[in-house]
Amino acid sequence: MHELTKEGLETKKLKTYREIGEHYNRKKWIKKDEWPNTRKKVLRKARVAGKGSFVDPHTGETSRSKINWEADHIVTLKEAHESGGNKFSIAEKRQFGHDIKGLELIKKATNRAKREHDLSNWLGKQGKVDYANKTETIKNKYGLSMDKQEASVFKELTGRTTTNKIAPKLKNTPYCTRCHIKHSVGNH
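Residues numbered from 1 in each chain as written. Predicted model: local features only at pLDDT ≥ 70, side-chain atom pairs only at ≥ 80, totals over all residues. Heavy atoms only, no water.

Think of an α-helix as 3.6 residues a turn; residues three or four steps apart then line up on the same face. Counted at 1.5 Å a residue, the expected span for helix α6 (residues 128-141) with its 14 residues is 20 Å, and the 20 Å between its end C-alpha atoms agrees. Turning to α6, its buried residues are Tyr131, Ala132, Thr135, Glu136, Ile138 and Lys139. Elements in contact with the buried residues of α6: α3 (77-82), α4 (90-97), α5 (108-114), β5 (145-146) and α7 (148-158). Phi turns positive, to about 70 degrees, at Gly143, one or two residues after α6. (Helix = DSSP H or I, 4+ residues; strand = E, 2+ residues; numbered from the N terminus. Expected span 1.5 Å × (residues − 1). Buried < 20%, exposed > 50% of the residue type's maximum accessible area, 1.4 Å probe, protein only. Contact = heavy atoms within 4.5 Å.)

Below, the structure written as structure tokens:
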């Protein structure tokens, strides 16, 4: 029988910790000096689509002024992280974070209401089916998964089963639970 020493146990813990990927950190997904240019591209795309006006796809609000409008990730960065993006390299995270096809222009108030929620935790007043389909497309493009609740809401909205892989979010895994317990007692 092989006896596991304290030193061997610590080495085993370190390997497990490193295998899973780091905690969510927005700075790893957005290159700060590139974001203004990305936002300008989103503004141009939105103005062309709205024929000179901006239209919030979740509320229907329109405006010709860019004040109080923000470039928003259709699949939030934190949601991407929890759905498999935690395994992305920094370059892949930045590609996702600055992908114009994954961004849309929405009212600042809409962005604040949406926060870091996924499809199962936030829906706008309108454009729900479009939002669900865009979420599926982006997640497929980047190999991200939907959890069961998100897939259920997707099916309710679209009338079909998602083509995304179904898997629990990182925060619902034994790894994440252990890690958060260690943080709470200051032992990480």
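After presenting the structure, the write-up continues.
Okay, the pattern of salt bridges next. For the structure on display, the rule yields 14 salt bridges. A salt bridge links Glu116 to Lys78; its shortest N-O distance comes to 3.7 Å. In this pair, Glu116 is assigned in the loop between α5 and α6 and Lys78 in helix α3, connecting sequence segments 38 residues apart. What makes Glu116 partly exposed here is its relative accessible area of 45%. Judged by its relative accessible area of 28%, Lys78 is partly exposed. Through salt bridges with shared partners, one network takes in Glu79, Asp118, Lys139, Asp147, Glu150 and Lys169. (Salt bridge = Lys/Arg side-chain N within 4 Å of Asp/Glu carboxyl O.)

Across all of its chains, the model carries 6 aromatic pairs by this definition. Following the ring pairs from residue to residue traces out a cluster consisting of Trp29, Phe88, Phe96 and Tyr142. (Phe/Tyr/Trp six-rings, centres within 6.5 Å; stacked < 30°, edge-to-face > 60°.)

Time to look at the nonpolar core. Counting residues in hydrophobic clusters, the biggest one holds 27 residues, and the most contacted among them are Phe96, Leu105 and Leu119. Sorting the residues of this core by element identifies α2 (35-49), β3 (69-73), α3, β4 (103-107), α6 and α7 as the ones contributing at least two each. Sort the elements by how many residues they give to this core and α2 lands first, with 4 residues. Residues contacting Leu119, with those up to four places away along its chain left out, are Tyr131, Ala132, Met146, Glu150, Val153, Phe154 and Leu157. (Core = buried A, V, L, I, M, F, W, Y, C linked by side-chain atoms within 4.5 Å.)

Along β4, 5 of the 5 residues are buried, which leaves the element largely enclosed by surrounding structure. Where β3 and β4 come together, 5 bridges link them in antiparallel fashion. Residue pairing across strands places His73 opposite Leu103, the latter belonging to β4. (Pairing = 2+ DSSP bridges.)

To continue, consider unusual backbone geometry. Unlike most non-glycine residues, Asn68 shows phi in positive territory, near 70 degrees. Relative to the assigned elements, Asn68 resides in the loop between β2 (62-63) and β3. The exposure class assigned to Asn68 is partly exposed, which follows from its relative accessible area of 45%. With a phi angle near 45 degrees, Arg115 is a residue other than glycine that sits in the positive phi range. Inspection of the secondary structure assignment puts Arg115 in the loop between α5 and α6.

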